[in-house]
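# Structural features, examined
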Amino acid sequence: MSVKSAINKEVFIPHDEKMLVAVQVKRRTKKKIPFLATGGQGDYMTFICVSVTNKKPSCVSLTKVKQFQGSSAFAKRSQWTIDQLRQVNGIDSNKDCPEFDLTFDNAFDQWVACTAGEKCTFIQILHHTCQRYSPARKPDFVNCQSKLLGGNSILHSAADSVTSAVQKASQALNERGERLGRAEERTADMMNSAEQFSVTAQKLAMKHKC
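The structure reproduced in this document is the subject of the present report. (Residues numbered from 1 in each chain as written. Predicted model: local features only at pLDDT ≥ 70, side-chain atom pairs only at ≥ 80, totals over all residues. Heavy atoms only, no water.)

What follows covers the side chain of His127. Take His127: it is sitting in helix 2 (residues 116-133). The class for His127 is buried, based on a relative accessible area of 12%. Beyond its immediate stretch of four places on either side in the chain, His127 contacts Phe141, Leu148 and Leu149. (Helix = DSSP H or I, 4+ residues; strand = E, 2+ residues; numbered from the N terminus. Buried < 20%, exposed > 50% of the residue type's maximum accessible area, 1.4 Å probe, protein only. Contact = heavy atoms within 4.5 Å.)

Here it is as structure tokens:
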């Protein structure tokens, strides 16, 4: 099981939620934490996750999840509703880069993803989710490549691929049906010819007997 599947199973499914996307991140700038607040837990991995409740009306959340070194468990640290998200900053609208910022009502974080590809996928799905579940006040997406916000997103591409596959399958079935139809017509013609030959042969046999 992948790490992201494990997060979904352990953190979100028990609360009747499903995780839409997760990105592993590190802070671009170190956050000042009081000595007593560290708890001596050592190194950890951080994930920013987008999830939606299964029950209607749907509620979308962004959650910070951590996994500490030496532990297989995941800990939910901070959580915001999508309505608290004010801005998503992609940092550079001209090229792929792993950096991005998230601004909430009461928080601001500067992140760097493991890869530019993971960050792009995260922003694409987050943007699509905001368009779907935030009809009133949507967050601003700034310094993001147009391909991440337009119709050529991963979700649209996946939908187009499925549609194309269905159309090809339908066309193949139609062509197969046409071939079967032609084969049935040829079979019927052969049966008619055989029947006519049989009748003619019977008439000839009767004539010779007479």
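What follows covers the sheet that holds strand 8 (residues 140-142). The strand order 4-3-2-1-7-6-5-8 describes an open sheet built from 8 strands, whose pairing is mixed. Each end of this open sheet is capped by a strand with a single partner; those strands are strand 4 (75-81) and strand 8. On average, each strand axis in the sheet is inclined to that of its neighbour by 30°, with strand direction left out of account. Direction of pairing for strand 5 (residues 85-89) relative to strand 6 (residues 99-104): antiparallel, over a ladder of 4 bridges. The residue bridging Gln87 from the neighbouring strand is Thr103, located in strand 6. Contacts from helix 1 (residues 3-12) reach strand 1 (17-27), strand 2 (44-53), strand 3 (60-68) and strand 4, with the element oriented near 120° to strand 1. The sheet strands contacting helix 2 are strand 1, strand 2, strand 3, strand 5, strand 6, strand 7 (108-113) and strand 8, and the helix crosses strand 1 at an angle near 135°. (Pairing = 2+ DSSP bridges. Axes fitted to C-alpha atoms, helices over the stretch in contact; angles between N-to-C directions.)

This brings us to the pairing of strand 4. Bridge count between strand 3 and strand 4: 6 bridges; the pairing is antiparallel. The residue of strand 4 that forms the bridge with Leu62 is Trp80. Taking the residues between adjacent antiparallel strands as the criterion, strand 3 and strand 4 are bridged by 6 residues, where Gly70 takes a positive phi near 85°.

Here the focus is the pattern of salt bridges. Applying the stated criterion across every chain yields a total of 5 salt bridges. Residues Asp109 and Arg27 are paired through a salt bridge, measuring 2.7 Å at the closest nitrogen-oxygen approach. Of this pair, Asp109 sits in strand 7 while Arg27 sits in strand 1, placing them 82 residues apart in sequence. Residue Arg86 pairs with Asp105 through a salt bridge whose shortest N-O separation is 2.8 Å. Here the residue Arg86 occupies a position in strand 5, and Asp105 occupies one in the loop between strand 6 and strand 7, the gap between them amounting to 19 residues. Look at Arg86 and you get partly exposed, because its relative accessible area is 23%. (Salt bridge = Lys/Arg side-chain N within 4 Å of Asp/Glu carboxyl O.)

In this section: helix 1. Taken together, the buried positions of helix 1 are Ala6, Ile7, Asn8, Val11 and Phe12. Where helix 1 is buried, its residues touch strand 1, strand 2, strand 3 and strand 4.

Right, let's get into the nonpolar core. Grouped together as the largest cluster of nonpolar side chains are 26 residues, with contacts concentrated most on Leu62, Leu85, Phe100, Leu102, Phe122, Ile123 and Leu126. Elements that contribute at least two residues to this core include exactly strand 1, strand 2, strand 3, strand 5, strand 6, strand 7 and helix 2. For Leu85, the contacting residues outside a window of four places in its chain are Leu62, Leu102, Thr103, Phe104, Leu126, Cys130 and Pro139. Core analysis: the next-biggest nonpolar cluster, separate from the first, contains 10 residues, Ile7, Phe12, Phe47 and Val65 among them. (Core = buried A, V, L, I, M, F, W, Y, C linked by side-chain atoms within 4.5 Å.)

Turning our eyes to something else, we now look at the pairing of strand 1. Sheet topology places strand 1 next to strand 2; 8 bridges connect them, and they run antiparallel. Counted as the bridge partner of Met19 is Ser51 from strand 2. Bridge count for strand 1 against strand 7 is 3 bridges, and the pairing is antiparallel. Counterpart to Arg27 in the pairing with strand 7 is Trp111.

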